[in-house]
Amino acid sequence: MDKEKDWPLWEIFIRSRAGLNHKHVGSLHAADADMAIENARDVYTRRNEGISIWVVESKHITASNPEDSESLFEPADNKIYRHPTFYNLPDEVKHM
Amino acid sequence: MTTETSMLDKFEEKIRKEIKIEPRDWMPEKYRKTLVRQISQHAHSEIVGMLPEGNWITRAPSMRRKVALLAKVQDEAGHGLYLYSAAETLGTTRKEMTDDLHTGKAKYSSIFNYPSLTWADIGAIGWLVDGAAIMNQVMLCRTSYGPYARAMVRICKEESFHQRQGYEIMLTLARGSEEQKAMAQDALNRWWWPSLMMFGPPDHESKHTAQSMAWKIKRKTNDELRQQFVDATVPQAKLIGLKIPDSDLKWNEEKGSYDFGEIDWDEFWNVVKGNGPCNKERLNARVKASEKGQWVREAAAAFAEKQNQRKAKKEQVA
């Protein structure tokens, strides 16, 4: 086989309708950003799944390390006072 | 310090608790390898699967049939891409996978090594081949590897129209002239057994099943899925007045499902080994497509490079 390299990999984010966030849907290869958007249109929005597309070259994404997940996310576990149900109110107060 | 054993314990606990494994999580090497093999072969099947159907796009009997078939074949291309991306999250590259397909190292579903001889075959493929694929894919929506499961959810959502369009073709032919009905029956006769083989060798001979079940890559065995397919499909054939080509097929009241005849596993292995009616033709078509597209890929890469340089220059001036 030839020595040809793959086109860069792009991560695709789609806004499904106005008012919602762009959400990661998958990835694809494309030579440049314009082609990535065109390919994303064909691959990820064949059935009206989106009204807006973001593409980011995968190499630009920095991710947290799964092995650090305890030190990163556990501190939030024991802070129940950050949730409304932690506070006792008299029954007469119906909505707060 | 985390040792290999404690990593493995953690991994297995996640599997037990139905917590999905994600790309950067630690996983046993064999789990990774099994997934790369399975997902890439699944992707190749979607891509090679476009060939028998593409054969009929220009000869579809009406505009309605033509747009449906075009959309279906385009979906298969998309499904191949979702799956290649899922496999790439495991550290393989697109190029490695396509090279493995083109050199014959990687397999794809053997069903696509059978020819699509008449228009009725397009009906039979949608109804039976997509029907069997969907049964497998619905099960894989719950597979333990996150990116694979997510690709499967997308694919299943899109694929339900494939089976319906196939069954509608069969229904129309079965209600047509004597010749049309015979054509539908002939297609069913030829595609029935290869469709049952799609689920793979029987459980007691399947070398991957036990481990894949333990890791929850697969959630049902080959034989379970095959039985499920037979039970779902037999009444559909009856409904449109076609006969399943199996003289041993009969309802088993006690087990609440159909008994069916012996599958010709010699034929299955023969096709897997490359001796099916269309193995060479299919592979040649893929290699040729890749070779003919090479200048396009190179031109696009050169164009992107040039645009980047221009952009960089402009930014410098500004």
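Residues numbered from 1 in each chain as written. Chains lettered and ligands numbered in written order. Predicted model: local features only at pLDDT ≥ 70, side-chain atom pairs only at ≥ 80, totals over all residues. Heavy atoms only, no water.

J.: Explain the overall build of chain A here, please?
T.: A count of helices and strands for chain A gives 2 helices and 3 strands. Each helix and strand of chain A, ordered N terminal to C terminal, gives the series β-β-α-β-α. Its C-alpha radius of gyration of 22 Å places chain A more than 25% over the 12 Å reference for a compact globule of 96 residues. With the principal axes as the frame, chain A shows a C-alpha extent of 75 × 35 × 15 Å. Looking at chain A as a whole, 26% of its 96 residues are labelled buried. Within chain A, contacts between residues at least 6 apart in sequence are counted, and of these 45% link residues at least 24 apart. Roughly 7,400 Å² of accessible area belongs to chain A as shown, and the carbon and sulfur atoms make up 53% of that amount. Charge-centre separation for chain A: the mean point of 12 positive side chains lies 6 Å from the mean point of 17 negative side chains. (Helix = DSSP H or I, 4+ residues; strand = E, 2+ residues; numbered from the N terminus. Rg over C-alpha atoms; globule rule 2.2 N^0.38 Å. Buried < 20%, exposed > 50% of the residue type's maximum accessible area, 1.4 Å probe, protein only. Contact = heavy atoms within 4.5 Å. Areas by Shrake-Rupley, 256 points an atom, 1.4 Å probe, with all protein chains shown as cover. Lys, Arg positive; Asp, Glu negative; His and termini not counted. Charge placed at Lys NZ, Arg CZ, Asp CG, Glu CD.)

J.: Whenever I open this one, the pattern of salt bridges confuses me. Can you help?
T.: Pairing of side chains with opposite charge becomes possible as their charged atoms draw close. On inspection of all chains with the given rule, the structure shows 25 salt bridges over all chains. Residues Glu168(B) and Arg64(B) are paired through a salt bridge, measuring 2.5 Å at the closest nitrogen-oxygen approach. In this pair, Glu168(B) sits in helix α7 (residues 146–174) while Arg64(B) sits in helix α4 (residues 63–88), placing the two residues 104 residues apart along the sequence. One salt-bridge network, held together by shared partners, links Arg46(A), Arg47(A), Asp75(B) and Glu158(B). (Salt bridge = Lys/Arg side-chain N within 4 Å of Asp/Glu carboxyl O.)

J.: How should I be thinking about the packing of helix α2 (residues 29–48) of chain B against α4(B) in this particular structure?
T.: For any two helices packed against each other, one specifies the crossing angle of their axes together with the interaxial distance. Residue and element names in this part refer to chain B. Interhelical geometry of α2 versus α4 gives an angle of 165° and a closest axis separation of 8 Å. Regarding the angle of α2 to α4, the classification is roughly antiparallel. Here the hand of the crossing between α2 and α4 comes out left-handed. Side by side, α2 and α4 meet where Ile39, Ser40, His42, Ala43, His44, Glu46 and Ile47 of the first sit next to Glu76, Ala77, His79, Gly80, Leu83, Tyr84, Ala86 and Ala87 of the second. Split into classes, the residues belonging to the contact of α2 with α4 amount to 8 nonpolar, 5 polar and 2 charged. (Axes fitted to C-alpha atoms, helices over the stretch in contact; angles between N-to-C directions. Parallel < 35°, antiparallel > 145°, perpendicular 65-115°, else oblique. Left-handed = near helix turned anticlockwise from the far one by under 90°. Nonpolar A, V, L, I, M, F, W, Y, C, P; charged D, E, K, R; others polar.)

J.: Is there a simple way to explain the packing of helix α6 (residues 119–140) of chain B against helix α8 (residues 178–197) of chain B in this structure?
T.: Residues and elements named next belong to chain B. It is at 9 Å that the axes of α6 and α8 come closest, and there the two elements cross at 35°. The element α6 and its partner α8 pack so that their crossing is right-handed. Of the residues in α8, those in contact with Trp119, Ala120, Asp121, Ala124, Ile125, Trp127, Leu128, Val129 and Ala132 of α6 are Met183, Ala184, Ala187, Leu188, Arg190, Trp191, Trp192 and Ser195. Its residues assigned to classes, the contact of α6 with α8 shows 14 nonpolar, 1 polar and 2 charged.

Note that every value here comes from positions in space, so none of it alone points to a role or purpose.
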